[in-house]
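Tertiary structure, described
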Amino acid sequence: MLVSLLSVVLLLFSIACRNNSESQGVRPRQLRDVPARRLAFTFQADVQPAAGLMADETKAVIPAIQQDFDTHRQDDALLRTVRSPDGQRALALYGTADEPAQTFRIDLYSADGNFLRNVTPPNLAVVFQDSVAWSADSSFIAFVGRKSLQAEPSPTPVEPFAPTLPSASPDLPAPSPTVAPAFAPLAVFNTEQVYLCNRDGYDLKPLTTRDGLIYFALAWAPDSHALVALACKESEWQAREKEFKLPAGRPRLISLDGDERLLDDALAEAPPVWSPDSSKVATAFGADIGIYDAASKAPTQARIGLRERLLTASATFDEKSAPGKSKPADSPNKTGTTPPSPTMDATLPVSFNPIVRLEWPSPDKLYIETAYVSVRSELIKTFSRWHMLVLSPQAAVLK
């Protein structure tokens, strides 16, 4: 009897120890500790977006910098200013008379409108205003550029040096030489690559060197440890351009050392976004969401298919918009014309469209915008609706 009693005590002790160790070793303390493939979600259709998500970022300019251009740089056209997160510096994006309309240059200013220095050399053309971004700690500047299409000037013949003689008239001063800004040698490419420099505009270098690929949709990690971008081939870019579609690319992580990690082989249509804790990246493929681990030694990924949920939500939305009457799929939009949307089908709801934008304001809430977008003479967005994924650990993780 003593032996059996001792056995029962040991068995109960081992069970208690095992349950205690499992609960401490498996349950995550925060959502960033949950791998992407272990995430669960609930879908909420047609929600109100979080504050600040409704309108796209305005392209306003800092008045002091605008005044400097109006006063001293009337031959340059100021397009936009990008203020650093610490509020001390700002980037001036501007076009010149001898450059194509879709390219521009970057200068560095203080926040109170004082010019500091040129950031980009003449042989580098910057593109994609939305991809010019400061790191969250204001230490680095990233943007996308390619080799300038300007014709390089022919070499000027070297003339014999002649000393400058005093002017014959005291009213006419001797001409002074013009000093152009000096730039260190910089590698440039025929397609759009990612470039990086420090907060003072120095140490400019290309982070990517894959000539033939076009990089776009840059986004900094909230902790400034890396960038995420989309990239596609020139042929893929041109094919979508002919169809009046927004560009699509394969998402990839880019470290500050230039190392890249391809996240997916499929072409993503929504610009990638970071989770607020910098642990994950999300993008969209039509009606699917891709989520990837970004700060893990053994990264995982998850694909969330939302097509059926979005179809159901769109059918309900259309019914509420016109109760008792079903809208045909080829009904005109608000502009009075029928958009040539690839999703239009006699069996699909009118409001059903692909995911075009993501926002991740808190670790457990991922906002989704669906809309019809066409790029012709200008970008047109119609049928915009917002939905939300509420993320949580799977039950197996919490067991």
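Residues numbered from 1 in each chain as written. Predicted model: local features only at pLDDT ≥ 70, side-chain atom pairs only at ≥ 80, totals over all residues. Heavy atoms only, no water.

Take Ala-229: it is sitting in strand E12 (residues 226-233). For Ala-229, a relative accessible area of 0% corresponds to the buried category. Setting aside residues up to four positions removed in sequence, Ala-229 forms contacts with Phe-216, Ala-217, Leu-218, Arg-250, Pro-251, Arg-252, Ile-254 and Pro-272. (Helix = DSSP H or I, 4+ residues; strand = E, 2+ residues; numbered from the N terminus. Buried < 20%, exposed > 50% of the residue type's maximum accessible area, 1.4 Å probe, protein only. Contact = heavy atoms within 4.5 Å.)

This part is about the sheet that holds strand E15 (residues 273-274). In a beta sheet, neighbouring strands pair by backbone hydrogen bonds and run either parallel or antiparallel. The strand order across the open sheet built from 4 strands is E15-E16-E17-E18, with neighbouring strands paired in antiparallel fashion. Either end of the sheet is taken by a strand with one partner, and the two such strands are E15 and strand E18 (301-305). Across 5 bridges, the pairing between strand E17 (residues 288-293) and E18 is antiparallel. When the sheet's bridge partners are listed, Ile-289 is paired in E18 with Ile-304. (Pairing = 2+ DSSP bridges.)

Read from one edge of the open sheet, 4 strands run E1-E21-E20-E19, paired in antiparallel fashion. The sheet is open, and its two borders are formed by strand E1 (39-44) and strand E19 (355-362), each paired with just one other strand. Here the strands of the sheet are splayed against their neighbours by 30° on average, with no regard to which way each runs. Where strand E20 (residues 365-375) and strand E21 (residues 379-393) come together, 10 bridges link them in antiparallel fashion. The residue bridging Lys-365 from the neighbouring strand is Val-390, located in E21. (Axes fitted to C-alpha atoms, helices over the stretch in contact; angles between N-to-C directions.)

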